[in-house]
Amino acid sequence: MPDGNGRVDIGFRPMRVAVVGMGYVGVATAVALAWIGHEVRGVEIDTDRLSRLRRAEPPFYEPGLGEMLAATRERLSFTDSLAEALLGADMALVAVGTPSREDGAADLSHLWAAIDGIAAAAAPGLLVVNKSTAPVGTLEQIRMRLPASLAVACNPEFLRQGQALLDALYPERIVVGAADPAVGERLQRLYDPILNRAFAHPPALPEPGLAKRPAFFVLDPRSAELAKYAANAFLAMKISFANEMANLCDELGADVEQVVTVLGSDPRIGSAYLRPGIGYGGSCFPKDVRALRQMAGESGYEFRLLRAVIEVNAQQPQRVVDKLRSALGGLEGRRIAILGLAFKPGTDDLREAPSLDVIRALLESGADVRAHDPWAVDRARPLLPEAVELTTDLDDVLQGADALVLLTEWAQYRDLSATVLSGMRGRVVVDGRNALSPVWFEGFTYAGCGRGPCAGAPAAVGEMV
Ligand code: NAD
């Protein structure tokens, strides 16, 4: 019988699944599949990451991951051997990195290594599923690299770091690209408990608070591959739009927070990702927008909108530095306290974090930089010059600072006490995420993004009708 989503109810049968690549996507997927009842083996070539996972220790910061690794231990094991993981497996899900090449296109070398390894070790009948974000046409190339006795599909991933486990168990949609409808059904069976919300909610995770069951789309492979890029490019475009609006507000004397509140209240637009600030970063948006533009270019089509999205994003970190320079009357010898390094709250990931650009620019201008982050300090150390002092202590970072610059909107920065601030030498606050309320900073020079002369007015206008 077709269900409310147009699906046929085909029921659940536990499967043996190999997940190749234990990064944010691979680990979240492996844990979610084990939680709903599958027998899962995670494959990882990084020995440090592998040994941590074998001890049920999170290899990176992701909320709830430690508890979920412990809770799924009986059905989730880890290995560096593809052959071991594929023994008796129904499916192999590939979730390896697809970073940017120099020219902006996706580097598929990890993907090809994983696919060639599977080709060498798989038994006939295995379904090979690519979850890595990869350009249009990749599944056709995967098909050509694998023996004809194996089935193939792609299943692009939409989870967000910082809530990866929640997103893996409660996705808004599951997208499959498959030329053969029977392959689509195999994936529907894999995800059946998720599609039907037929599993116990893990106590380690917050309640999802969603009413609707996920949509399930089986598309032709090229459309599925493109849909993933389209989603990320659209969200990046919303962020760049909010940033352009903020920059214009700085010129026109309007308050972007009030403007985006009105914009976001329109259900046709929505408030998500309409946040002005220092720009998007992380392991997905920058590389996926570049890859989509490159893909379009290679097909002979110039995607002009994406060029603007990229350009606007690239200028945002410098704007924060300029605001700081003008508030302090110069940066040489000034002590700057950076609050937040991770590309967003909820993760310790620093890949393409705009904070790194801001810090480099400050150092080039002769500033003395100290930085705080609750989770990302260890990962930041090898990425920054020795001269940058890193700490997880808020008093420490603010002590003697001429200015405070907020770059990641961690919740703990929202209520900085007067006592913590009293350690500062100067009275300048640059809010790179509009996360602070200007009214808390009486006696300070406060500069947000596009808050212009409205700084000093209450930040929250959500209740205004
Ligand atoms: P990641 O870089 O965090 O992890 C990839 C892992 O794969 C690493 O641990 C690496 O050591 C391992 N690996 C590489 N080659 C391997 C091989 N041959 N065998 C076994 N392990 C191997 O990557 P990620 O952030 O999880 O992203 C994976 C893919 O998913 C990318 O294509 C990304 O664009 C996409 N994606 C990521 C997110 C996200 O939020 N991170 C969201 C949606 C989609």
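Our subject in this report is the structure included herewith. (Residues numbered from 1 in each chain as written. Predicted model: local features only at pLDDT ≥ 70, side-chain atom pairs only at ≥ 80, totals over all residues. Heavy atoms only, no water.)

1. Things to note about the side chain of Thr347
Piece 1. Topologically, Thr347 is positioned in the loop between β9 (335-339) and α14 (354-364).
Piece 2. Of the polar contacts made by the side chain of Thr347, one reaches the side chain of Gln161; its length is 3.2 Å.
Piece 3. Side-chain polar atoms of Thr347 contact the backbone nitrogen of Asp349, separated by 3.2 Å. (Helix = DSSP H or I, 4+ residues; strand = E, 2+ residues; numbered from the N terminus. Polar contact = N/O pair within 3.5 Å; in protein donor to acceptor, adjacent residues only side chain to side chain.)

2. Section: the pattern of salt bridges
Piece 1. According to the stated counting rule, one finds 24 salt bridges in the structure shown.
Piece 2. With a closest N to O distance of 3.0 Å, Arg275 and Glu257 form a salt bridge. On the criterion of sequence distance, the pair formed by Arg275 in the loop between α11 (256-264) and α12 (285-298) and Glu257 in helix α11 is long-range, its members being 18 residues apart.
Piece 3. For Asp266, the salt bridge identified is with Arg268, shortest N-O distance 2.7 Å.
Piece 4. We classify Arg268 as exposed; its relative accessible area is 75%.
Piece 5. One connected set of salt bridges, linked through shared partners, spans Asp250, Arg319 and Lys323. (Salt bridge = Lys/Arg side-chain N within 4 Å of Asp/Glu carboxyl O. Buried < 20%, exposed > 50% of the residue type's maximum accessible area, 1.4 Å probe, protein only.)

3. Let's talk about helix α10 (residues 221-252)
Piece 1. Given a rise of 1.5 Å per residue, 32 residues ought to cover 46 Å, and the 46 Å separating the end C-alpha atoms of α10 matches this to within 8%.
Piece 2. Just downstream of α10 lies Gly253, where phi reads positive at about 80 degrees. (Expected span 1.5 Å × (residues − 1).)

4. Observations concerning the nonpolar core
Piece 1. Of all hydrophobic cores here, the largest spans 54 residues; its most connected members are Leu324, Ile336, Ile338, Leu341, Leu362 and Leu404.
Piece 2. The greatest single-element share of this core, amounting to five residues, is contributed by α14.
Piece 3. Not counting residues within four places of it along the chain, the set of residues in contact with Ile338 comprises Ile359, Leu362, Val369, Arg370, Ala371, His372, Val397, Val405 and Leu407. (Core = buried A, V, L, I, M, F, W, Y, C linked by side-chain atoms within 4.5 Å. Contact = heavy atoms within 4.5 Å.)

5. Focus on the side chain of Lys238
Piece 1. Secondary-structure assignment places Lys238 in helix α10.
Piece 2. Nearest to the buried, unbridged Lys238 among oppositely charged side chains is Asp266, at 10.0 Å.
Piece 3. A polar contact of 2.9 Å, which involves the side chain of Lys238, links it to the backbone oxygen of Ile269.
Piece 4. At 3.1 Å, the side chain of Lys238 forms a polar contact with the backbone oxygen of Gly270.
Piece 5. Those residues within four positions of Lys238 in sequence are excluded, and the remaining contacts are Ile269, Gly270, Ala272, Tyr273 and Leu274. (Lys, Arg positive; Asp, Glu negative; His and termini not counted.)

6. Side note on the site of the ligand
Piece 1. Around the ligand there are 26 residues in total, and Glu44, Arg49, Thr98, Gln161 and Lys287 lie nearest to it.
Piece 2. In the environment of the ligand, an oxygen atom lies 3.0 Å from a nitrogen or oxygen atom belonging to the backbone of Tyr24.
Piece 3. One of the side-chain N or O atoms of Ser283 is found 3.5 Å from a nitrogen atom in the ligand.
Piece 4. Protein chains shield 89% of the accessible area of the ligand, which is 840 Å² for the free molecule.
Piece 5. Looking at the shell around the ligand residue by residue, the classes come out as eleven nonpolar, eight polar and seven charged. (Near = heavy atom within 4 Å. Areas by Shrake-Rupley, 256 points an atom, 1.4 Å probe, with all protein chains shown as cover. Nonpolar A, V, L, I, M, F, W, Y, C, P; charged D, E, K, R; others polar.)

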